[in-house]
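# Fold and contact review
Now for the letters of each chain:
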Amino acid sequence: RPRFRLSLAVDAAAALERLTDGGLMMGAFAEAPYQESDVELGPGDLLFLFTDGLTEAEDENEEEFGVDRVMEVVAGLGGADAEEACEALLEQAAE
């Protein structure tokens, strides 16, 4: 599943980086193979790991929240901490 990293600069401009290495969801299968990679996280950076439950959440018109909306919400978080970021994503996905 897609994963995203949000880096916040001193001027609060958000740089969004999509991480593409990985594999199946973590913990589902004991012997599942995963790709390994390094990502440097600094103070104020947030790492988002989520399942398709977020991207496939549907609104009243049965339209999925989608990866693009996840990226849009994450990119607009500014200086949010992890708790505020999760609340924002869940709130937007529930609309």
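Just above sits the structure.
The structure contained in this document is the topic of the report that follows. (Residues numbered from 1 in each chain as written. Predicted model: local features only at pLDDT ≥ 70, side-chain atom pairs only at ≥ 80, totals over all residues. Heavy atoms only, no water.)

## Some thoughts on a negative patch on the surface
A contiguous patch of negative charge on the surface is contributed by Asp 81, Glu 83, Glu 84, Glu 87, Glu 91 and Glu 95. Position of Glu 84 among the secondary structure elements: in helix H3 (residues 82-94). Overall, the relative accessible area of 42% leaves Glu 84 in the partly exposed class. (Patch = residues over 30% accessible without salt bridge, like charges linked within 9 Å, V, L, I, M, F, W, Y side chains within 5 Å. Areas by Shrake-Rupley, 256 points an atom, 1.4 Å probe, with all protein chains shown as cover. Salt bridge = Lys/Arg side-chain N within 4 Å of Asp/Glu carboxyl O. Lys, Arg positive; Asp, Glu negative; His and termini not counted. Charge placed at Lys NZ, Arg CZ, Asp CG, Glu CD. Helix = DSSP H or I, 4+ residues; strand = E, 2+ residues; numbered from the N terminus. Buried < 20%, exposed > 50% of the residue type's maximum accessible area, 1.4 Å probe, protein only.)

## Quick look at unusual backbone geometry
A negative phi holds for most residues other than glycine; trans holds for most peptide bonds. A positive phi angle is found at Glu 62, which is not glycine, with a value near 65 degrees. Examined against the element boundaries, Glu 62 turns out to sit in the loop between helix H1 (52-55) and helix H2 (66-75).

## Considerations on H2
Inspection of H2 places Gly 66, Val 70, Val 73 and Val 74 among the buried residues, and these make up the whole buried set. Relative to the axis of H2, the buried residues are bounded by an arc of 125 degrees and lie together on one face. When the buried face of H2 is taken as reference, the exposed residues oriented beyond 90 degrees from it are Asp 68 and Glu 72. (Arc of directions from axis to C-beta.)

## Some words on the environment of Ala 94
Turning to its location among the elements, Ala 94 is positioned in helix H3. Classification of Ala 94 as exposed rests on a relative accessible area of 68%. Separated by 36 residues in sequence, Ala 94 and Glu 58 place their C-alpha atoms 7.9 Å apart.

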